[in-house]
Amino acid sequence: MSRKHIRRVAVLGAGVMGAQIAALCVNAGVPVVLFDLAGSQVNSGSPAQEAIRRLAKLKPAPLATAALANAIVPANYDDDLALLADCDLVIEAVAEKADIKTQLYQRVVPALADHALLVSNTSGLSIQQLAQSLPAELQSRFCGVHFFNPPRYMALVELIAGPATAPQVLDALETFLVRTLGKSVVRARDTPNYIGNRIGVFSLLAALIEAERFGLSYEVVDELTGQPLGRPRSGTFRTADVVGLDTLAHVIHTLSSQLPHDPFAKHFGLPPVIQKLVAENALGQKTGAGFYRKEGKDILRLDPASHQYVKADGQASAEVIKILRLSDPAERLRTLRQSNDPQAAFVWAILRDLFHYSAVHLAEIADTAREVDLAMRGGFGYQVGPFELWQQAGWQQVAQWIQEDIAAGRALSSAPLPPWVLSGPVAERGAVHTPEGSWNPAAGRFEPRAQLPAYRRQRFPERLLGEGGESPADAGHTVFESAAVRAWHLTDDSERDSVLIVSIKSRQHTLGPEVVQDLQEALAQAEANFTGLVIWQPTAPFSVGADLRVLHELMQKDGIAAVEAEQRRMQQLMRRLRHSPVPVVAGMLGMALGGGCELALYADRRVLAPESYLGLVEVGVGLVPGAGGLVFGARRAASLHSAAPDTPLLQFLKRFATNAAMAKVSASALDARDMGWLREGDLIVGHEREVLLAAIDQALGLANAGYRPPLPERFAVVGRDGRATLAAQLVNMRDGGFISAYDYLLADTLLNVMCGGDVEPGSLVDDEWMFGLERQAFAELLNNPETRERIEGMLRTGKPVRN
């Protein structure tokens, strides 16, 4: 079975995970039936229906748009099993108890289609044990999957084969998970807690033990183990609160009950502090208290000695933070180990414990070191995996330090490092990741990646440090490169080589004067020598817009006229993009805000990753969109009105005006489509790493179809009367205290532009007129002290100022 044959999915179990997996599928355009018990209400489908309703309340939002809830079909096991006959993939996601799962299998298996795949979503149960309850003919179509929570946002899915799982079934599932659902898939061995939770939960237990040893409070541990260590900001204990302490307790129980002979087993008991919190139903974020509790505006943390909540006012040592910021990993680890600071000793200890545990158990839980590092990246948010960091810091030196700590009794186990760590190819190369592949301790060789068709559309797949392969920073042939951009093309000996790619190099891909100038040059090169242009960044965001700091400095130094000149150049770029004789495609990932959104809107096509967030947000700094965003909204409204003349033009315009006036940002690529930012022909791909090739192919498709740019046009605007109608609603909001007087001024200024200025309703205007209105509004606001206050506040704090 291939990915294209997975046309309909059933999810068994409408709990938090089951419902969110269903949401993930409908986000990707896959029809889903969500099953649960019949319930006692008159409507037998009500438990599943209630789960679907709850999706709208969950944060972060599981659904890409709220309307997608209607695409999930609620069902129950009593009345609706016949619906399973049309499902190609059935995902069981009931409680983490083997007996509950196997009892459900007995009930649903007779209703499955002969070709259907059955998978169990589980965080650590034995797939072999579950498979034994199934008919022999189904066991080849059964395996385990482990979606990490929340499934929409967590990249990792572990795929676990059963004893009889057919290889083609695993390949089909991996293809579906990667290409359709956009996931990073790691194949794990059928061992307790698999890879991610096995390593990740051990790391949390180690942090608890070492924090107690060195006398560190939870908030200090979280600061040390968050961003300074290359991990999520939430660190260790805040992450545990988010996951849920009951969930964590279950995973720890799996370790302790199923791994009694693990050399680290004495540390697998449920820590008393977690045991007591769970008994009190203090389960973390979902119950309002766990390791932390919020009281008013204050965040309190648990004091494990008194079991009372106290002020979380501990801070990480400035000296240790300085060590963690050292760019050389070898120097960083050496300095941590040699320091007398207890916080530094703590960080070294948890890294040592992580290295030690990962090495001892690699052969048991994974085929290669690659799976461990990818699991910790995708499932726990590590910037680099444990083996990557060890390799960066000097394999043999770190191994020697670990051995010394084991011998001195400082390590959490006396288990020796495996022989492959200390001698043989790994020790000789000083690496587990090499261009030939990653170390497989069972086979005793460096093993290359499997070449599955699922990854052929990923021109730059996720790479591990030391693995080699092309980097987007130096791939292909460079046409020209500056401090601001790189213009380049692929060298694959294919038609794709004829499309120029331009990648912005500024921080967060902001649009400063140099970037705008060099984008103009890239467009000129594309028009002279290529068949199309793709604007694409290797990493998110697409662009957060104009470089506010540069514009502020320019205004301080040379006055408002200098800023107006830069605005005019940005408008010229947008107009050139729209009317270029070669097709221009924006390949988008992450945020496209302000000028970044305008850059995307003025391309001929947009190719987006599912998690793309578009919005015109300039009112947050006291300005209006000034590079064609308002012109786009007015023109687009007129186009929609022309196609549906019975609907008033004002109704179409109101949507775009509201989005800009409220600085609304789309919650997803699908939401951007609903907001009107996307047009017919724009493409949303399943996996973010497929954006580049899809964008190039879109450019080629347009070129090969005889692309011609749009003709200059005049379009209708609602004029002064439309502005008055929309402004009346603003008056009510101002007088009711919902917006400030300056918010009202900003919105009214924005409306004047989008309505076409002081003209009669239905007047025809052109781009030149509309761009002039944008420039006039922009200049007026720049002269306003309250706008300057907003700009300076944003630069100072990173947050919008309300005045």
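Preceding this section is the structure that the text describes.
About the criteria used
Residues numbered from 1 in each chain as written. Predicted model: local features only at pLDDT ≥ 70, side-chain atom pairs only at ≥ 80, totals over all residues. Heavy atoms only, no water. 1 Å grid on protein atoms, 1.4 Å probe; cavity = no way out; pocket = protein on both sides within 12 Å on 5 of 7 lines; lining within 4 Å. Points joined across faces, edges and corners; volume = space filled by probe spheres on them. Helix = DSSP H or I, 4+ residues; strand = E, 2+ residues; numbered from the N terminus. Nonpolar A, V, L, I, M, F, W, Y, C, P; charged D, E, K, R; others polar. Disulfide = S-S within 2.5 Å. Buried < 20%, exposed > 50% of the residue type's maximum accessible area, 1.4 Å probe, protein only. Axes fitted to C-alpha atoms, helices over the stretch in contact; angles between N-to-C directions. Parallel < 35°, antiparallel > 145°, perpendicular 65-115°, else oblique. Left-handed = near helix turned anticlockwise from the far one by under 90°. Contact = heavy atoms within 4.5 Å. Polar contact = N/O pair within 3.5 Å; in protein donor to acceptor, adjacent residues only side chain to side chain. Pairing = 2+ DSSP bridges. Phe/Tyr/Trp six-rings, centres within 6.5 Å; stacked < 30°, edge-to-face > 60°. Salt bridge = Lys/Arg side-chain N within 4 Å of Asp/Glu carboxyl O. Right-handed = clockwise from strand over helix to strand, strands pointing away.

Sorry, what's going on with empty space enclosed by the protein here?
Sizing a probe to match a water molecule and rolling it over the atoms shows the empty space that remains. In this structure the tally under the stated criterion is four cavities of 30 Å³ or more. Considered as a void within the structure, the largest cavity measures approximately 70 Å³ in volume. Taken together, Leu-548, Leu-551, His-552, Met-555, Val-563, Leu-623, Phe-778, Leu-782 and Ile-791 make up the lining of the largest cavity. At the level of elements, helix H21 (548-558) and helix H30 (767-782) are the ones that each hand at least two residues to the lining of the largest cavity. With four residues, the top contributor of residues to the lining of the largest cavity is H21. A breakdown of the residues in the lining of the largest cavity according to their chemical character gives eight nonpolar, one polar and no charged. Taken as a whole, the second largest cavity holds about 50 Å³ of empty space. At the level of secondary structure, the elements contributing two or more residues to the lining of the second largest cavity comprise strand S4 (89-92), strand S6 (142-147) and helix H6 (167-180). It is H6 that contributes the most residues to the lining of the second largest cavity, three residues altogether. Of the residues belonging to the lining of the second largest cavity, the class tally is nine nonpolar, no polar and no charged.

When you look at the state of the cysteines in this model, what are you seeing that I'm missing?
Each disulfide is one covalent bond, formed between the sulfur atoms of two cysteines. Following the criterion strictly, the structure yields zero disulfides and no others. Just so you know, Cys-87 is unpaired, no disulfide at all, and the nearest cysteine sulfur is the one on Cys-25, 11 Å from it. Among the residues examined, Cys-87 registers a relative accessible area of 0% and is labelled buried. Cys-143 takes part in no disulfide bond, and the closest cysteine sulfur, belonging to Cys-25, lies 14 Å away. When its relative accessible area of 0% is taken as the criterion, Cys-143 is described as buried.

Would you explain the packing of helix H24 (residues 629-643) against H30 in this entry?
The geometry of a pair of packed helices is captured by two quantities: the angle between their axes and the separation between those axes. Look at H24 against H30: their axes get within 9 Å of each other, and the N-to-C directions meet at 135 degrees. When the axis of H24 is compared with that of H30, the two are oblique. For the element pair H24 and H30, the recorded crossing hand is right-handed. For the pair formed by H24 and H30, the contact residues are Gly-629, Leu-630, Val-631, Ala-634 and Arg-635 on the first element and Asp-767, Met-770, Phe-771 and Glu-774 on the second.

Please explain the side chain of Glu-371 as it appears in this structure.
Examined against the element boundaries, Glu-371 turns out to sit in helix H15 (residues 369-380). Within the local environment of Glu-371, its side chain forms a polar contact with the side chain of Thr-368, the two groups lying 2.6 Å apart. For Glu-371, the contacting residues outside a window of four places in its chain are Val-186, Arg-187, Ile-195 and Ala-366.

I keep staring at the sheet that holds strand S15 (residues 477-481) and nothing clicks. Help me out?
Working definition: the strands of a sheet are paired by backbone hydrogen bonds and lie parallel or antiparallel to each other. An order of S15-S16-S17-S18-S19-S20-S21 is seen for the seven strands of this open sheet, with the pairing classed as mixed. Each end of this open sheet is capped by a strand with a single partner; those strands are S15 and strand S21 (683-684). In this structure, S15 lies alongside strand S16 (residues 485-489), joined through four bridges in antiparallel fashion. Residue pairing in the sheet places Thr-478 in a bridge with Trp-488 of S16. Its contacts with the sheet place helix H20 (residues 513-529) against S15, S16, strand S17 (499-504), strand S18 (532-536) and strand S19 (584-593), and it is angled at close to 175 degrees to S17.

Please explain the packing of aromatic side chains as it appears in this structure.
Aromatic ring pairs are reported here in terms of the distance separating the ring centres and the angle at which the planes meet. Inspection of every chain in the model, using the stated rule, returns 25 aromatic pairs. With a centroid separation of 4.0 Å and an interplanar angle of 10 degrees, the aromatic rings of Trp-390 and Trp-395 are classed as stacked. Here the two residues Trp-390 and Trp-395 agree in accessibility, since each one is buried. Aromatic ring contacts, followed pair by pair, group Phe-355, Phe-387, Trp-390, Trp-395 and Trp-420 into a single cluster.

Can you help me understand unusual backbone geometry in this one?
Note: most peptide bonds trans; most residues except glycine with negative phi. Residue Pro-150 is bonded to the preceding Asn-149 through a cis peptide linkage, with omega at 0 degrees. Along the chain, Pro-150 turns up in the loop between S6 and strand S7 (156-161). Cis rather than trans, the peptide bond between Ala-540 and Pro-541 has omega equal to 5 degrees. Mapped onto the elements of the fold, Pro-541 is located in the loop between S18 and H21. Notably, Asn-281 is not glycine yet its phi reads approximately 60 degrees, a positive angle. Exposure remark for Asn-281: the relative accessible area of 48% places this residue in the partly exposed category. Here the phi dihedral of His-509 falls at roughly 55 degrees; this positive angle occurs in a residue that is not glycine. For His-509, a relative accessible area of 8% corresponds to the buried category.

Would you explain the pattern of salt bridges in this entry?
A pair can form between side chains of opposite charge whenever their charged atoms are brought close. One pass over the full model with this rule turns up 50 salt bridges. Here Glu-447 ties to Arg-445 by a salt bridge, and the two come within 3.3 Å at their closest N and O atoms. A salt bridge links Arg-459 to Glu-470, with the shortest nitrogen-to-oxygen separation between them at 2.8 Å. Taken together, the residues span a long stretch of sequence, with Arg-459 in the loop between strand S14 (445-447) and S15 and Glu-470 in the loop between S14 and S15 at a distance of 11 residues. According to the relative accessible area criterion, Arg-459 is buried, its value standing at 17%. One connected set of salt bridges, linked through shared partners, spans Glu-210, Arg-213, Arg-337, Arg-352, Asp-353, Glu-404, Asp-405 and Arg-410.

How should the pairing of strand S2 (residues 32-36) be read in this particular structure?
For a regular strand, side chains alternate in direction, first toward one face of the sheet and then toward the other. Of all five residues in S2, five are buried; the element is thus mostly enclosed. Here S2 shows a buried face lined by Val-32, Leu-34 and Asp-36 and a second buried face lined by Val-33 and Phe-35. The pairing of strand S1 (residues 9-12) with S2 spans four bridges and is classified as parallel. The residue of S2 that forms the bridge with Leu-12 is Phe-35. The β-α-β motif built from S1, the intervening helix H1 (residues 16-27) and the parallel element S2 has right-handed crossover chirality. Note: S2 against strand S3 (residues 72-76), five bridges, orientation parallel. Looking at the pairing, Phe-35 lines up with Ala-75 of S3.

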